[in-house]
Every structure is written in structure tokens, then in C-alpha cells.
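Below, each chain spelled out in residue letters.
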Amino acid sequence: QVQLVESGGGSVQHGGSLRLACRASGYTYSAYCMGWFRQAPGKEREGVAAADSDGSTNYADSVKGRFTISLNNAKYTLYLEMSSLKPEDTAMYYCAIDLGCRGSPSLIRTEYDYWGQGTQVTVSS
């Protein structure tokens, strides 16, 4: 059974930084994609950033230049470095894995097979 466990959320002020991590276990695929999604109260879950096991990345326009995604294949761990955080970045952040991805890592939530429980990020003004 594939399991994803997020960590690193918290509360910061506008302009601050946080680093999220997502540890994956329970699979042996050599090619896969992992992504970060977020969901604010009353809003749809949206893709933030995604990476594949070959090193390709994909970002939502709203976080380009501020967030950096990285995937450590040896540790099966996905990271999201977030800087210049804004109040509108406040949300529950989820990591997910797409075991059948081909080509560019997707920001479409329906492409993903397994999800973590989420970690809360709160940015105050």
C-alpha cells in the first residue's frame, strides 16, 4: 500500500519561508511523478508544483519564482521550498503521487493515484 506523509507546515508572516516534505513508501516504481496541491476553505484543490523522477518540474503561475519543488529519488521524498509567502498561499497542502505518469508532470489532481493527509500552511499579513 502506497503511503504519503507530509511534514513542515506551520504559521509564518507575509514574506516568510517554509519547507514542506513528503515521504513516500510502499512502492517500487522507477518512473513516477509527485506533486504538491493545496486547498483553501471553500475553494477547489489546485495544483501548485509537480516533479517527475527524471527531474522535470512544473509550476502553477501563482507560485513561479517563489516556490521550488525537488524530488529525492533515493529517499523517496518530495520537497517544496516556499519563499516570499503571501496570505493567499494559506491552505492545506497535500502531496500526491502519479504512478503512471508519462511526459511532463501534471498539475491536474485527477492524474494522481495516492494522496497524503495534508499539512496546514498559514500566512498572516
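The present account deals with the structure reproduced in this document. Remember, it's a predicted structure, so these values are computed and weren't measured experimentally.

### Some remarks on the overall build of the chain
Right, so step 1: Scanning the chain for helices and strands turns up 0 helices and 11 strands.
Right, so step 2: For the chain, the N- to C-terminal ordering of α and β elements is β-β-β-β-β-β-β-β-β-β-β.
Right, so step 3: Computed over C-alpha atoms, the radius of gyration of the chain comes to 13 Å, within 12% of the 14 Å expected from 2.2 N^0.38 for 125 residues, which places it in the range of a compact globule.
Right, so step 4: Projected onto its principal axes, the C-alpha coordinates of the chain cover approximately 40 × 30 × 25 Å.
Right, so step 5: For the chain, the proportion of its 125 residues judged to be buried stands at 45%.
Right, so step 6: Sequence-distant contacts, at least 24 apart, represent 61% of the contacts inside the chain between residues at least 6 apart.
Right, so step 7: Total accessible area computed for the chain in this model is approximately 6400 Å², and 44% of it derives from carbon and sulfur atoms.
Right, so step 8: Here the chain contributes 11 positive and 12 negative side-chain charges, whose respective centroids are spaced 4 Å apart.

### A word on the nonpolar core
Right, so step 1: Grouped together as the largest cluster of nonpolar side chains are 32 residues, with contacts concentrated most on Met34, Trp36, Leu80, Met82 and Tyr93.
Right, so step 2: Among the secondary structure elements, those contributing two or more residues to this core are β3 (18–25), β4 (33–39), β5 (46–52), β7 (67–72), β8 (77–82), β9 (91–98) and β11 (119–124).
Right, so step 3: Not counting the four nearest positions on each side in its chain, Met82 is found in contact with Gly16, Ser17, Leu18, Leu20, Arg66, Phe67, Tyr93 and Val121.
Right, so step 4: Within the second largest apolar cluster, 6 residues are counted, among which are Phe37, Ala50, Ala96 and Cys101.

### Topic: unusual backbone geometry
Right, so step 1: Of note in this structure, Tyr76 is not a glycine but carries a positive phi near 50 degrees.
Right, so step 2: The residue Tyr76 is located in the loop between β7 and β8 in this model.

### Re the side chain of Ser53
Right, so step 1: Relative to the assigned elements, Ser53 resides in the loop between β5 and β6 (57–59).
Right, so step 2: Given the relative accessible area of 14%, Ser53 is considered buried.

What counts and what doesn't
- Residues numbered from 1 in each chain as written.
- Predicted model: local features only at pLDDT ≥ 70, side-chain atom pairs only at ≥ 80, totals over all residues.
- Heavy atoms only, no water.
- Helix = DSSP H or I, 4+ residues; strand = E, 2+ residues; numbered from the N terminus.
- Rg over C-alpha atoms; globule rule 2.2 N^0.38 Å.
- Buried < 20%, exposed > 50% of the residue type's maximum accessible area, 1.4 Å probe, protein only.
- Contact = heavy atoms within 4.5 Å.
- Areas by Shrake-Rupley, 256 points an atom, 1.4 Å probe, with all protein chains shown as cover.
- Lys, Arg positive; Asp, Glu negative; His and termini not counted.
- Charge placed at Lys NZ, Arg CZ, Asp CG, Glu CD.
- Core = buried A, V, L, I, M, F, W, Y, C linked by side-chain atoms within 4.5 Å.

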